[in-house]
Amino acid sequence: DAKTTQPTSMDCAEGRAANLPCNHSTISGNEYVYWYRQIHSQGPQYIIHGLKNNETNEMASLIITEDRKSSTLILPHATLRDTAVYYCIVKRYSGAGSYQLTFGKGTKLSVIP
Amino acid sequence: DAGVTQSPTHLIKTRGQQVTLRCSPKSGHDTVSWYQQALGQGPQFIFQYYEEEERQRGNFPDRFSGHQFPNYSSELNVNALLLGDSALYLCASSLRESGEKLFFGSGTQLSVL
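Residues numbered from 1 in each chain as written. Chains lettered and ligands numbered in written order. Predicted model: local features only at pLDDT ≥ 70, side-chain atom pairs only at ≥ 80, totals over all residues. Heavy atoms only, no water.

Enquirer: Sorry, what's going on with the overall build of chain A here?
Expert: Within chain A one finds 0 helices and 9 strands. Listed N to C, the secondary structure of chain A is β-β-β-β-β-β-β-β-β in terms of helices and strands. Rg of the C-alpha trace for chain A: 13 Å, near the compact-globule value of 13 Å for 113 residues, within the 12% margin. Looking at chain A as a whole, 42% of its 113 residues qualify as buried. For chain A, the exposed surface amounts to about 5,700 Å²; the carbon and sulfur share of it is 48%. (Helix = DSSP H or I, 4+ residues; strand = E, 2+ residues; numbered from the N terminus. Rg over C-alpha atoms; globule rule 2.2 N^0.38 Å. Buried < 20%, exposed > 50% of the residue type's maximum accessible area, 1.4 Å probe, protein only. Areas by Shrake-Rupley, 256 points an atom, 1.4 Å probe, with all protein chains shown as cover.)

Here is the structure:
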């Protein structure tokens, strides 16, 4: 699975959009980009994933560049409850197979009142 | 609908002892994975169970073992505890065909003294 690079920490004003970048320059064609977050004292929570098209769900949007070497997770209107560590993970989709996610240290997002 | 539940929430053991951690998956899920999260680090994959068998294993010694029961619940056993085993142990469940969309419990905090 390709390696990812994320900033260690970011701040965002409450109510503004939070844009979290992830670099995955060695991604291969069959690898997906997954985002999870971990709020303090809780387990990680799945946010969204995508292959090459932009994706949106009730939690966030995922923008993947055309060359797929980087992506951005967007929380459109950040709230204090979005303060968490955000993990970007690149993983080959294995269908009914591997569930081994490789977590890095992620980005610590602090939403400021 | 209950999510992933883990017990106990906290545990204190001494070096050399053995410990058993328990996990009940989200209703309808058939696959359970276990992760270890040291302080300040991302979760690290231990192993995954499906149909009561260990299907995949991360880089952990044989002191770490597990079991899955017919009702899909799971146990993680650690023998001959070391100080370095102190960590948050996370259980994640999923449907086998859903790939890497995992649902995590809040974890068991294990302290080895």
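Enquirer: Looking at this structure, I do not really get the interface of chain B and chain A. What am I missing?
Expert: In this assembly, 27 residues from chain B lie in contact with 23 residues from chain A. Around 1,900 Å² of area is buried between chain B and chain A when both sides are counted, 51% of it from carbon and sulfur atoms. Our enumeration of links across chain B and chain A arrives at 0 salt bridges. Our count for the chain B to chain A interface comes out at 5 residue pairs in polar contact (both at pLDDT 80 or more). Where the side of chain B that touches chain A is concerned, the elements lending two or more residues are strand E4 (31-37), strand E5 (44-50), strand E6 (53-57) and strand E9 (87-94) of chain B. In terms of residues, the side of chain B that touches chain A owes the most to one element, E4(B), which gives 4 residues. Of the residues in the side of chain B that touches chain A, the class split is 8 nonpolar, 14 polar and 5 charged. (Contact = heavy atoms within 4.5 Å. Buried area = accessible area lost by both parts, 1.4 Å probe. Salt bridge = Lys/Arg side-chain N within 4 Å of Asp/Glu carboxyl O. Polar contact = N/O pair within 3.5 Å; in protein donor to acceptor, adjacent residues only side chain to side chain. Nonpolar A, V, L, I, M, F, W, Y, C, P; charged D, E, K, R; others polar.)

Enquirer: What's the story with the nonpolar core in this structure? I'm lost.
Expert: Most often, soluble globular proteins have nonpolar side chains that are buried together. In this structure, A:Leu20, A:Trp35, A:Leu73, A:Leu75, A:Tyr86 and A:Leu109 are the most contacted members of the largest nonpolar core, which totals 22 residues. Counting only elements with at least two residues in this core, the list comes to strand E2 (18-23), strand E3 (31-38), strand E4 (45-50), strand E6 (61-64), strand E7 (70-75), strand E8 (84-92) and strand E9 (107-112) of chain A. At 4 residues, E8(A) tops the list of elements feeding residues into this core. Once residues lying within four places of it in the same chain are set aside, the contact partners of A:Leu75 are A:Arg16, A:Ala17, A:Ala18, A:Leu20, A:Met59, A:Ala60, A:Asp82, A:Tyr86 and A:Leu109. Core analysis: the second largest hydrophobic core is formed by 19 residues, B:Leu21, B:Cys23, B:Leu76 and B:Ala87 among them. (Core = buried A, V, L, I, M, F, W, Y, C linked by side-chain atoms within 4.5 Å.)

Enquirer: Is there a simple way to think about the environment of A:Ile48 in this case?
Expert: All names here are of chain A. Inspection of the secondary structure puts Ile 48 in strand E4. Note on Ile 48: relative accessible area 3%, which makes it buried. Taking the C-alpha atoms as reference points, Ile 48 and Ile 74, separated by 26 residues in sequence, lie 11 Å from one another. Setting aside anything within four residues of it in sequence, one finds Ile 48 in contact with Val 33, Tyr 34, Trp 35, Glu 55, Thr 56, Asn 57, Ala 60, Ser 61, Leu 62 and Leu 73.

Enquirer: Where do I start with the pairing of strand E8 (residues 74-78) of chain B in this structure?
Expert: For a regular strand, side chains alternate in direction, first toward one face of the sheet and then toward the other. All names here are of chain B. Burial analysis of E8 places 5 of its 5 residues in the buried class, the great majority of the element. With burial as the criterion, each face of E8 is covered, one bearing Ser 74, Leu 76 and Val 78 and the other bearing Glu 75 and Asn 77. Across 5 bridges, strand E3 (residues 19-24) lies against E8 in antiparallel orientation. When the bridges of E8 are listed, Val 19 appears paired with Val 78. (Pairing = 2+ DSSP bridges.)

Enquirer: When you look at the sheet that holds E7(A) in this model, what are you seeing that I'm missing?
Expert: What links the strands of a sheet is backbone hydrogen bonding, and the strands pair in either a parallel or an antiparallel sense. Residues and elements named next belong to chain A. The 4 strands are arranged E2-E7-E6-E5 in an open sheet whose pairing can be described as antiparallel. The sheet is open, and its two edges are formed by E2 and strand E5 (55-56), each paired on a single side. Where E5 and E6 come together, 2 bridges link them in antiparallel fashion. Of the residues in E6, the one forming a bridge with Glu 55 is Leu 62.

Enquirer: Is there a simple way to explain the state of the cysteines in this structure?
Expert: Every disulfide links exactly two cysteines, by a covalent bond between their sulfur atoms. Residue and element names in this part refer to chain B. Scanning all chains against the criterion turns up 2 disulfides over all chains. The residue that forms a disulfide with Cys 23 is Cys 91, at a sulfur-sulfur distance of 1.8 Å. Handedness of the Cys 23-Cys 91 disulfide follows from its S-S torsion of about -65°: it is left-handed. In this pair, Cys 23 sits in strand E3 while Cys 91 sits in strand E9, placing the two residues 68 residues apart along the sequence. Of the residues examined, Cys 23 reaches a relative accessible area of 2% and is grouped as buried. The class of Cys 91 is buried, set by a relative accessible area of 0%. (Disulfide = S-S within 2.5 Å.)

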